Amino acid sequence: MKFEKRDILLIVGVLFIMIGVMALPHMNLVYAVIIAILVYFGMKVFVGRRKRQIEREVGEGLCVTCGAKIQENKCPNCDSDKQEKM
């Protein structure tokens, strides 16, 4: 988990969540901080897993014409149509 620029927005959002949780009756500062830390790391893990899943699904890239996944530097839909026309 490396720190990126958009993590600043996540930290600010988590701080607002922490302030909101502290506003609840009978909520201690320690519990609010623990909840904020759990939310921060939970979001980092979720985003990291989702990013890896998207990278696996996309692979080499997507075809601009039809949107199919490119395999072996060729689009399975568009390149097969070109070969059939020849």
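Scroll up for the structure.
Below or above, wherever it landed, is the structure these notes cover. Treat the numbers as computed from the prediction; the structure is a model and nothing was measured.

This part takes up the nonpolar core. Residues Val-14, Met-18, Val-21, Ala-32, Ala-36 and Tyr-40 constitute the largest nonpolar core, which totals six residues. For this core, the secondary-structure elements that each account for two or more residues are helix 1 (7–22) and helix 2 (29–58). Residue contacts for Met-18: discarding those within four places in its chain leaves Ala-32, Val-33 and Ala-36.

Its identity is not glycine, yet His-26 carries a phi of approximately 65°, on the positive side. The topology assignment puts His-26 in the loop between helix 1 and helix 2. When its relative accessible area of 85% is taken as the criterion, His-26 is described as exposed. The phi angle at Glu-72 is positive, at roughly 55°, despite the residue not being glycine. With respect to the helices, strands and loops of the structure, Glu-72 is situated in the loop between helix 2 and helix 3 (78–85). Taking relative accessible area as the criterion, Glu-72 reaches 70% and is therefore assigned exposed.

The next thing to look at is the packing of helix 1 against helix 2. Running from N to C, helix 1 and helix 2 point in directions that differ by 150°, and their axes come no closer than 9 Å. Handedness of the helix 1/helix 2 crossing: right-handed. Here Asp-7, Leu-10, Ile-11, Val-14, Ile-17, Met-18, Val-21 and Met-22 of helix 1 come into contact with helix 2, specifically with Leu-29, Ala-32, Val-33, Ile-35, Ala-36, Val-39, Tyr-40, Met-43 and Lys-44. Its residues placed into classes, the contact of helix 1 with helix 2 shows 15 nonpolar, no polar and two charged.

Right, let's get into the side chain of Lys-44. For Lys-44, the position within the fold is in helix 2. Only 2.9 Å separates the side chain of Lys-44 from the side chain of Asp-7, close enough to count as a polar contact.

The next point concerns the packing of aromatic side chains. According to the stated counting rule, one finds one aromatic pair in the structure shown. Centre to centre, the rings of Tyr-40 and Phe-41 are 5.2 Å apart; their planes meet at 80°, and the pair counts as edge-to-face.

Each value, and the rule that gives it
- Residues numbered from 1 in each chain as written.
- Predicted model: local features only at pLDDT ≥ 70, side-chain atom pairs only at ≥ 80, totals over all residues.
- Heavy atoms only, no water.
- Core = buried A, V, L, I, M, F, W, Y, C linked by side-chain atoms within 4.5 Å.
- Buried < 20%, exposed > 50% of the residue type's maximum accessible area, 1.4 Å probe, protein only.
- Helix = DSSP H or I, 4+ residues; strand = E, 2+ residues; numbered from the N terminus.
- Contact = heavy atoms within 4.5 Å.
- Axes fitted to C-alpha atoms, helices over the stretch in contact; angles between N-to-C directions.
- Left-handed = near helix turned anticlockwise from the far one by under 90°.
- Nonpolar A, V, L, I, M, F, W, Y, C, P; charged D, E, K, R; others polar.
- Polar contact = N/O pair within 3.5 Å; in protein donor to acceptor, adjacent residues only side chain to side chain.
- Phe/Tyr/Trp six-rings, centres within 6.5 Å; stacked < 30°, edge-to-face > 60°.

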